[in-house]
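Descriptive analysis of the structure
Chain by chain, the residues run as shown.
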Amino acid sequence: MAYSSLKEALIDLEKNGHLVRIKEEVDPYLEMAAIHLNMYAKKGPALWFEKVKGSKYSACSNIFGSLDRSRFIFRNTWDHVQNMIALKSNPLQAIKQPLKSFATIVAGRNALPLKNPSKQAIFYEQIKISDLPQIQHWPMDGGAFVTLPQVYSEDIDKPGILNANLGMYRIQLSGNDYIQDKEIGLHYQLHRGIGVHQTKANAQNKALKVSCFVGGPPAHTLAAVMPLPESMSEMTFAGALAGRRFRYRYLEGYCISTDADFVICGSVAPKQNKPEGPFGDHLGYYSLKHDFPLMQVAQVWARKDAVWPFTVVGRPPQEDTSFGQLIHELSGQALVSEIPGLKEVNAVDAAGVHPLLLCIGSERYTPYSELDQPAELLTIANHILGTGQLSLAKFIWITAPNHEPLSTHNIEHYFTHVLERIDWRRDLHFYTQTTIDTLDYSGQGLTSGSKVVLAAYGSIKRKLQNHIPQKLLNYFNSNQLQVVAPGILAFELSTFENYEKATAEMETLSLAFKDSNLEEAFPLWICCDNAAFLAQNLSNFLWNTFTRANPAYDIYGIDAFTTYKHWGCNGPLIIDARAKPHHAPPLVLDPKVEENIQRLWKPGASLYAYR
């Protein structure tokens, strides 16, 4: 169905049982987010908040809360868009399947943006930032944020919509030192599309004009998060997926999406920053307060009966997990075709996406293949670390199948395959003093940390165990040890104080277990604050281990050595995943708010059917 507005999509969802209206007044301070989190956890429907305290506008969330609901929204265009991306990555496909490709190309006529001279709904009324729903998601957040924006900017050297960038970068509407209704904060990294545009504008000492679209057809929201192939505009993708051309016009030099529910226009001047944050983020922790670009607000527009869409991010899985699933379904094969030898990659959602990549590649190099060790896999890993969002990864595990089925999405089996084959003396490859995700506080400073590639290939070297060896039980109390999975052991130490003490603790362990052959049964040890929590389920292991570790600082080994600058170990590898003093605090719900929202699940209330 070609929706012309967000409201049209919401009504369609409601008619088909995918949405429920909340008729009671709700508070945008913590309540709306808590209701969303509760309903997402119950695999509930999309939500339409009819009465938002302090605003005349209604709001909606959880639209993309399940893959089935997203497929329903895009049911008429899904296959054509998949084929369009495939054709972009593999043009020869058009020759091999001309009829299928022709249908896709015809359907792609909606991909061309339409400069819209007719009546535009967005200009129904001009409003202020403070008129918008001021949704604060987590108790320590710095203020109200836009969490589903489509942030539009143009290249100052190559203006025009087909050279523009549409990205989803969070926007702080209130709090901190922002002047109400005149200033808002933009959180983005300089290597992102808008950052490239800002760098060019700064070099010419010019302000960058920015438009923030909120709402509109759901395809526009998804377009803002898609990692599209080079030269494919987000606006063309939005039109193709919506089944309706992306409509726009210019006003006082600002590009306006005329199908949006809200548009905020403003400019980012060179070297004008203000503190942004804190903000409860997708790693399950707060991102802290830091200087980010300041946007001077010029105008704010709203359409009649506009609806404010939002989502809530936190420890995964959350609604943005569904975004990841959508992206994988639409463009997963495009990435594989872009990197020679890559067969599969899983940016693990349970670990916060960016901290952990599990990859499967090919190992075809000759005459070196008889060496029974990774070769081509390392080339592929380097290519992965130079590719778009994948460059933010910290832990890159990569292997090749040995004539048996292997999937990165069967995570426990994947780890078993790797740990049976990896050689800690040879197969660790560190990248030190490099950049990491701005939201990741495991490193030594903002965006500063390290990465490691763990590459395994060849014949099986060990048989992994599930039973804790007596040597370990003689050293640790039994309640300090837990088996996470075959070959993976969690153990507790005292609270982390500093790296000097941690290094001494690990050296003591190394002396105690040198020449113990424990690497044969348990090649991977995780040092943690709570072994029972870490071993409780796979999700806890992935989240705790890979969000709290900085590879170059937090990887140790039994009987470790350095030879010609290469680090390895003869015994088990240890990842210190304890909480560190410099880490950001984890997200914790407000118990009073949790109690207050229970009114919506009582008999006669809007959510009673979903109790």
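Structure: see above.
First, a word on scope: everything that follows refers to the structure included in this document.

1. Focus: the sheet that holds strand S27 (residues 524–528)
- With respect to topology, 5 strands assemble into an open sheet ordered S25-S26-S27-S31-S28, the strand pairing being mixed. The open sheet is flanked by strand S25 (481–485) and strand S28 (555–557), the only strands paired with a single partner. Each strand of the sheet is rotated relative to its neighbour by a mean of 30 degrees, with strand direction disregarded.
- Along the sheet, helix H14 (residues 499–513) makes contact with strand S26 (488–492), S27, S28 and strand S31 (573–576), crossing S28 at roughly 25 degrees.

2. Details of the side chain of Ser-322
- Along the chain, the position of Ser-322 falls in helix H10 (residues 319–338).
- The exposure class of Ser-322 is buried, given its relative accessible area of 2%.
- Setting aside residues no more than four positions away along its own chain, Ser-322 makes contact with Tyr-40, Phe-64, Gly-65, Ser-66 and Leu-67.

3. Examining unusual backbone geometry
- At the junction of Gly-277 and Pro-278, the peptide bond is cis and its omega measures out at -5 degrees in the coordinates.
- Mapped onto the secondary structure, Pro-278 falls in the loop between strand S15 (273–276) and strand S16 (279–280).
- With an omega of 5 degrees, the peptide bond between Pro-316 and Pro-317 qualifies as cis.
- By the element assignment, Pro-317 lies in the loop between strand S19 (307–309) and H10.
- One non-glycine residue, Asn-176, adopts positive backbone phi at about 50 degrees.
- By the secondary structure assignment, Asn-176 is in the loop between strand S9 (171–172) and strand S10 (183–186).

4. With respect to the packing of aromatic side chains
- Scanning the model with the defined rule gives 27 aromatic pairs in all.
- The interplanar angle of 15 degrees and the centroid separation of 6.4 Å between the aromatic rings of Phe-415 and Phe-546 together place this pair among those described as stacked. Highlighted residues: Phe-415 in helix H12 (residues 411–421) and Phe-546 in helix H16 (residues 538–547), separated in sequence by 131 residues.
- In this structure Phe-415 comes out as buried when scored by relative accessible area, which is 2%.
- For Phe-546, a relative accessible area of 0% gives the class buried.
- Put simply, the rings of Phe-395, Trp-397, Tyr-414, Phe-415, Phe-541 and Phe-546 touch in pairs and so form one group of aromatic residues.
- Of note, Lys-209 hangs over the ring of Tyr-254, and the distance from its end group to the ring centre comes to 4.6 Å.
- Cation over ring: Arg-611 sits above Tyr-608, and NZ or CZ is 3.9 Å from the ring centre.

5. As for the sheet that holds S19
- One open sheet accounts for 4 strands, arranged S1-S2-S3-S19; its pairing is mixed. A single partner strand is all that each edge strand has here, and the edge strands are strand S1 (19–26) and S19. Shown here is a sheet whose adjacent strand axes are inclined to one another by a mean of 25 degrees, direction ignored.
- Relative to S19, strand S3 (residues 58–61) is paired through 3 bridges, and the arrangement is parallel. Residue pairing in the sheet places Cys-60 in a bridge with Pro-309 of S19.

6. Comments concerning the packing of H12 against H16
- Where H12 contacts H16, the two axes come as close as 11 Å, and the packing angle between them is 60 degrees. Looking at the two axes, H12 sits oblique to H16. Counted together, Ile-411, Glu-412 and Phe-415 of H12 and Leu-538, Phe-541, Leu-542 and Phe-546 of H16 form the full contact between these two elements.
- Here the residues of the contact of H12 with H16 are counted per class, giving 6 nonpolar, no polar and 1 charged.

7. So, the pattern of salt bridges
- Scanning the model with the defined rule gives 28 salt bridges in all.
- As a salt-bridge pair, Asp-68 and Arg-71 come within 3.2 Å of each other at their nearest N and O atoms. Highlighted residues: Asp-68 and Arg-71, both in helix H3 (residues 67–73), separated by 3 residues, approximately one helical turn.
- Exposure remark for Arg-71: the relative accessible area of 32% places this residue in the partly exposed category.
- The partner of Asp-281 in a salt bridge is Arg-170, and the shortest N-O contact between them spans 2.6 Å. On the criterion of sequence distance, the pair formed by Asp-281 in the loop between S16 and strand S17 (286–287) and Arg-170 in the loop between strand S8 (165–167) and S9 is long-range, its members being 111 residues apart.
- Here Arg-170 falls in the buried class, since its relative accessible area comes to 9%.

8. Brief notes about the side chain of His-417
- Topologically, His-417 is positioned in helix H12.
- Taking relative accessible area as the criterion, His-417 reaches 3% and is therefore assigned buried.
- In this structure the side chain of His-417 is engaged in a polar contact, spanning 2.9 Å, whose partner is the side chain of Glu-404.
- Discounting chain neighbours no more than four positions away, the residues touching His-417 are Thr-399, Ala-400, Pro-401, Asn-402, Glu-404 and Leu-406.

9. Structural notes on the pairing of strand S24 (residues 448–456)
- By the criterion of burial, S24 is predominantly enclosed, with 8 of the 9 residues buried.
- Sheet topology note: the strand S22 (residues 395–399)/S24 ladder contains 5 bridges and is parallel. The residue bridging Ile-396 from the neighbouring strand is Val-453, located in S24.
- The pairing of strand S23 (residues 428–435) with S24 spans 6 bridges and is classified as antiparallel. When the bridges of S24 are listed, Tyr-431 appears paired with Lys-451.

10. Examining H12
- Most of H12 sits out of view: 9 of its 11 residues are buried.
- Taken residue by residue, H12 has Ile-411, Tyr-414, Phe-415, Thr-416, His-417, Val-418, Leu-419, Glu-420 and Arg-421 as its buried positions.

11. Section: the pairing of strand S21 (residues 356–361)
- Counted residue by residue, S21 has 6 buried out of 6 residues, so it is predominantly covered.
- The side-chain alternation of S21 yields two buried faces, one formed by Leu-356, Leu-358 and Ile-360 and the other by Leu-357, Cys-359 and Gly-361.
- The pairing of strand S20 (residues 342–347) with S21 spans 5 bridges and is classified as antiparallel. Its bridge partner being in S21, Leu-342 is matched across the sheet by Gly-361.
- Here S21 pairs with S22 via 5 bridges, running parallel. Residue pairing across strands places Cys-359 opposite Ile-398, the latter belonging to S22.

12. Re helix H9 (residues 234–242)
- Among the 9 residues that make up H9, 9 are buried, leaving the element largely enclosed by the rest of the structure.
- Restricting attention to buried positions, one finds in H9 the residues Glu-234, Met-235, Thr-236, Phe-237, Ala-238, Gly-239, Ala-240, Leu-241 and Ala-242.
- Backbone nitrogen of Met-235 and a side-chain oxygen of the N-cap are separated by 3.0 Å at the start of H9; the cap is Ser-233.
- Once H9 ends, the next one or two residues include Gly-243, with phi positive near 70 degrees.

What counts and what doesn't
- Residues numbered from 1 in each chain as written.
- Predicted model: local features only at pLDDT ≥ 70, side-chain atom pairs only at ≥ 80, totals over all residues.
- Heavy atoms only, no water.
- Pairing = 2+ DSSP bridges.
- Helix = DSSP H or I, 4+ residues; strand = E, 2+ residues; numbered from the N terminus.
- Axes fitted to C-alpha atoms, helices over the stretch in contact; angles between N-to-C directions.
- Contact = heavy atoms within 4.5 Å.
- Buried < 20%, exposed > 50% of the residue type's maximum accessible area, 1.4 Å probe, protein only.
- Phe/Tyr/Trp six-rings, centres within 6.5 Å; stacked < 30°, edge-to-face > 60°.
- Lys NZ or Arg CZ within 6 Å of the ring centre and 35° of its normal.
- Parallel < 35°, antiparallel > 145°, perpendicular 65-115°, else oblique.
- Nonpolar A, V, L, I, M, F, W, Y, C, P; charged D, E, K, R; others polar.
- Salt bridge = Lys/Arg side-chain N within 4 Å of Asp/Glu carboxyl O.
- Polar contact = N/O pair within 3.5 Å; in protein donor to acceptor, adjacent residues only side chain to side chain.

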